[in-house]
Amino acid sequence: MTGMRPAEIRVSEIFGPTIQGEGALTGLPTVFVRTGGCDYRCSWCDSLHAVDSAYRDQWRAMTTEEVWNEVTRLSGGLPVMVSLSGGNPRSSRSGR
Ligand code: SF4
């Protein structure tokens, strides 16, 4: 459909490249895309700034193209891993 605005997700932060510190890909250069908002409250969460709606003013609505452009800018166009992290940006609870 023409004239429709592309879907957006709430992004808390995009940073890197830095070294992946977890999982099977530990040690690989990685750009992290952390989404904002989450409808869970895991006791082990280390991303409160991405989860708690108190920080929502710091989240940015971005299209997938905008996210990709930022990843490409940060990586200098070089191939890196991309880690999609953070919460559930479409959750209703985090929208409060
Ligand atoms: S962002 Fe992940 S770890 Fe944190 S509360 Fe949500 S699901 Fe749990």
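See the structure shown above.
A short tour of the structure in this document, coming up.

Rules and cut-offs
Residues numbered from 1 in each chain as written. Predicted model: local features only at pLDDT ≥ 70, side-chain atom pairs only at ≥ 80, totals over all residues. Heavy atoms only, no water. Near = heavy atom within 4 Å. Nonpolar A, V, L, I, M, F, W, Y, C, P; charged D, E, K, R; others polar. Patch = residues over 30% accessible without salt bridge, like charges linked within 9 Å, V, L, I, M, F, W, Y side chains within 5 Å. Areas by Shrake-Rupley, 256 points an atom, 1.4 Å probe, with all protein chains shown as cover. Salt bridge = Lys/Arg side-chain N within 4 Å of Asp/Glu carboxyl O. Helix = DSSP H or I, 4+ residues; strand = E, 2+ residues; numbered from the N terminus. Buried < 20%, exposed > 50% of the residue type's maximum accessible area, 1.4 Å probe, protein only. Core = buried A, V, L, I, M, F, W, Y, C linked by side-chain atoms within 4.5 Å. Contact = heavy atoms within 4.5 Å. Pairing = 2+ DSSP bridges. Axes fitted to C-alpha atoms, helices over the stretch in contact; angles between N-to-C directions. Expected span 1.5 Å × (residues − 1). Arc of directions from axis to C-beta.

**Some words on the site of the ligand**
The environment of the ligand is made up of Cys38, Tyr40, Arg41, Cys42, Trp44, Cys45, Val51, Gly86 and Gly87. Looking at the shell around the ligand residue by residue, the class counts come to six nonpolar, two polar and one charged.

**Focus on a nonpolar patch on the surface**
Together, Leu25, Leu28 and Met81 give the surface a local cluster of nonpolar side chains, amounting to about 220 Å² of exposed area. By the secondary structure assignment, Leu25 is in the loop between strand S1 (8-19) and strand S2 (29-35). Judged by its relative accessible area of 38%, Leu25 is partly exposed.

**What about the nonpolar core?**
Membership of the largest hydrophobic core is limited to seven residues, which are Val11, Ile14, Val31, Val33, Met62, Val67 and Val71. Of all the elements in the fold, those that place two or more residues in this core are S1, S2 and helix H2 (64-75). Setting aside chain neighbours within four positions, we find Met62 in contact with Ala7, Glu8, Ile9, Val11, Ile14 and Val67.

**Quick notes on the pattern of salt bridges**
Overall, the coordinates contain three salt bridges when judged by the stated rule. A salt bridge links Glu8 to Arg5; the shortest N-O distance between them is 2.3 Å. For Glu8, a relative accessible area of 29% puts it in the partly exposed group. Judged by its relative accessible area of 60%, Arg5 is exposed.

**Focus: the sheet that holds strand S3 (residues 60-63)**
Here four strands make up an open sheet; going across it, the order is S3-S1-S2-S4 and the pairing mixed. A strand with exactly one partner marks an edge of an open sheet, and here the two such strands are S3 and strand S4 (81-86). On average, adjacent strands in this sheet sit at an angle of 45° to one another, irrespective of strand direction. For S1 and S2, the ladder comprises six bridges, and the chain directions are antiparallel. Pairing of Val11 across the sheet is with Thr35, part of S2. Packing of H2 onto the sheet brings it into contact with S1, S2, S3 and S4, and relative to S1 it is tilted by some 15°.

**Comments concerning H2**
In a regular helix each residue adds 1.5 Å, so twelve residues correspond to 16 Å; H2 covers 16 Å between its end C-alpha atoms and thus fits that length. All of the buried residues in H2 are Val67, Val71 and Ser75. The buried residues of H2 occupy an angular sector of 60° when projected down its axis, which confines them to one face. Away from its buried face, by an angle of more than 90 degrees, H2 presents the exposed residues Glu65 and Arg73.

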